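Descriptive analysis of the structure
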Amino acid sequence: MVQETDHGATPDGEDMDGDVSGGDVMDDGDPGPDAVPDEPRTAGERLHAAREAQGLTLAQVSAKTRIPERHLETVEAGEFSQLPGRTYAVGFARTYAKTVDLDQQEIVELVRQEMGVEETGRVAETREGKLEPGDPTRVPSRGLALLSVLALALLVSGGFLFYRTYFVAGSGPGSLLTAEQQREAAAAALEERMAARGEGAGTAAGPTGGAVVFTALEEDTWVKFYDANGDQLMQKEMAKGERYTVPADAEGPQVWTGRPFALAITVGGQSVPKLSEVDEIVKDVPVTAEALLARAQSGGAGEASAIGQ
C-alpha cells in the first residue's frame, strides 16, 4: 500500500518547481536599472553636473568665463581655500553658475556655507594642536594684517596726541581749544610744505604726464586693460616684475583687477599711488596719465571703484 504525500511536494521536502522548502531567497543587492543616483549636494558637484549635462568641457567654460581652468577645477573640487580669497571664490562660482544656467544666488550661498564649514574646521583643528607652527592657515590674510597695523598706528598716534595735549602742554588744566589749535597748526604746516615743493625745481614737484606703466609686484597678478568702448587692450596673469605700458593712443583706457595692491604704477617714470592698498576688486578705473595724477593729488587709492562680495 502506497503512502500518500502532501500535494505539490516530494518526500524530501522539495516542491514541484525545484524550490527548497523553508529556504531564503538571496538578494544580490543590485539596485536595478530604475535606481535614482544621488543628486549633487555641494556647489562644486552641482556646477560639475550642470557642465557635463550641457556637454561642456572645462576649457570651453574657461573660454566663456575667462576664468583659468585650474581655478574652475578648484571650484568644482570645493577647495575654496586654494583660491586667493573669498571674493575670488564667490565671484568665480557666480560666473560659473550663470554660464551653466544654474541659480547664481543659490550657488553663492552654498559656496559661502562651505567656506564657513571649512574655516570652522580649521579653527577646531588649530585648537587641537594638530597644525604645524608654519602652517599657512595660521597666518592672517593680507587685508586683516593691514587693518591691524592701521588700527595699531591710530591707537598709538591717538595716545601720543592725548599725552601731549593734556600732560605736556602745561601744568594746569588743558584748554578745550588745544586739540583744535593743534589740528589747525598741522594743516598750516602741511600747506607750507606743499607750497615749498611747488616753488622748487620744475621736475622735483612730481610728474606732469608721460607713459603710464604698470609693474606686477607678485606672481599671478590678474589684470585686464580696455578702452572706453570696452575693447580689450590686454588681459593676463602677470608674472612678478612683468611690466605693461598703457598705449598712448588708447581712448579712455581703464583697468579691472582683483589685486590692485600688487600693481605698482609710474607716470613718466615717477611713482604714483597704487589703485588700492587692500585686497579687493577694482573695475572701470581710468588709467590715463591725467587721471592717475589727479587721483594722486586728491588722496590716492580711495577713489577706485570696488566690487564687494
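The following paragraphs examine the structure supplied in this document. Note that the coordinates shown come from a computational prediction; the quantities given were computed from them, not determined experimentally.

1. Considerations on the overall build of the protein
Counting its regular elements, the protein contains eight helices and nine strands. Buried positions account for 26% of the 309 residues belonging to the protein. Taken as a whole, the protein presents about 20400 Å² of accessible surface, with 53% of it coming from carbon and sulfur.

2. Things to note about the sheet that holds strand β1 (residues 212–216)
Taken in spatial order, the four strands make up an open sheet running β4-β1-β6-β7, and their pairing is antiparallel. Edge positions in the open sheet fall to β4 (243–245) and β7 (270–272), since each of these has one partner strand only. When the angles between neighbouring strand axes are averaged without regard to direction, this sheet yields 30 degrees. As paired strands, β1 and β4 are joined by three bridges and run antiparallel to one another. Bridge pairing links F214 to Y244 in β4. Together, β1, β6 (263–267) and β7 form the strand contacts of helix α8 (residues 289–298), whose direction differs from that of β6 by roughly 105 degrees.

3. Some details on helix α1 (residues 43–53)
Residues of α1 that are buried include every one of A43, G44, L47, A50 and R51, and no others. On an axial view of α1, the arc spanned by its buried residues comes to 130 degrees, and they lie on one face. Turned more than 90 degrees from where α1 packs its buried face, E52 and A53 sit exposed.

4. Concerning the pairing of β6
Because side chains alternate across β6, one face comprises the buried residues L263, I265 and V267, and the other comprises A264 and T266, none of which is buried. Judged from the five bridges that link them, β1 and β6 form a sheet pairing that is antiparallel. Pairing of V213 across the sheet is with T266, part of β6. Two elements, β6 and β7, share three bridges in a ladder whose sense is antiparallel. Counted as the bridge partner of I265 is V272 from β7.

Quick notes on the rules
For every chain, the first residue of the written sequence is number 1, and numbering continues from 1 along that sequence. Per-residue local features are limited, in this predicted model, to residues with pLDDT of at least 70; the limit for side-chain atom pairs, both in listing and counting, is 80 or more; totals at the level of whole chains, interfaces and linings are taken over all residues. To get the side-chain values, all heavy atoms of the structure are used, and hydrogens and water are removed first. The helix count covers DSSP runs of H or I at least four residues long, the strand count covers runs of E at least two residues long, and both are numbered beginning at the N terminus. Whether a residue is buried, partly exposed or exposed follows from its accessible area with a 1.4 Å probe, protein chains only, as a fraction of its type maximum: under 20%, in between, or over 50%, in that order. Residue exposure ignores everything except the shown protein chains as possible cover, and the areas themselves are Shrake-Rupley values with a 1.4 Å probe. Two strands make a pair as long as DSSP finds a minimum of two bridges between them. Note on geometry: axes are lines fitted to C-alpha atoms, helical ones only across the stretch in contact, with angles between N-to-C directions running from 0 to 180 degrees. For this analysis, residues touch if any pair of their heavy atoms sits within 4.5 Å. Throughout, the arc means that of the directions going from the helix axis to the C-beta atoms.

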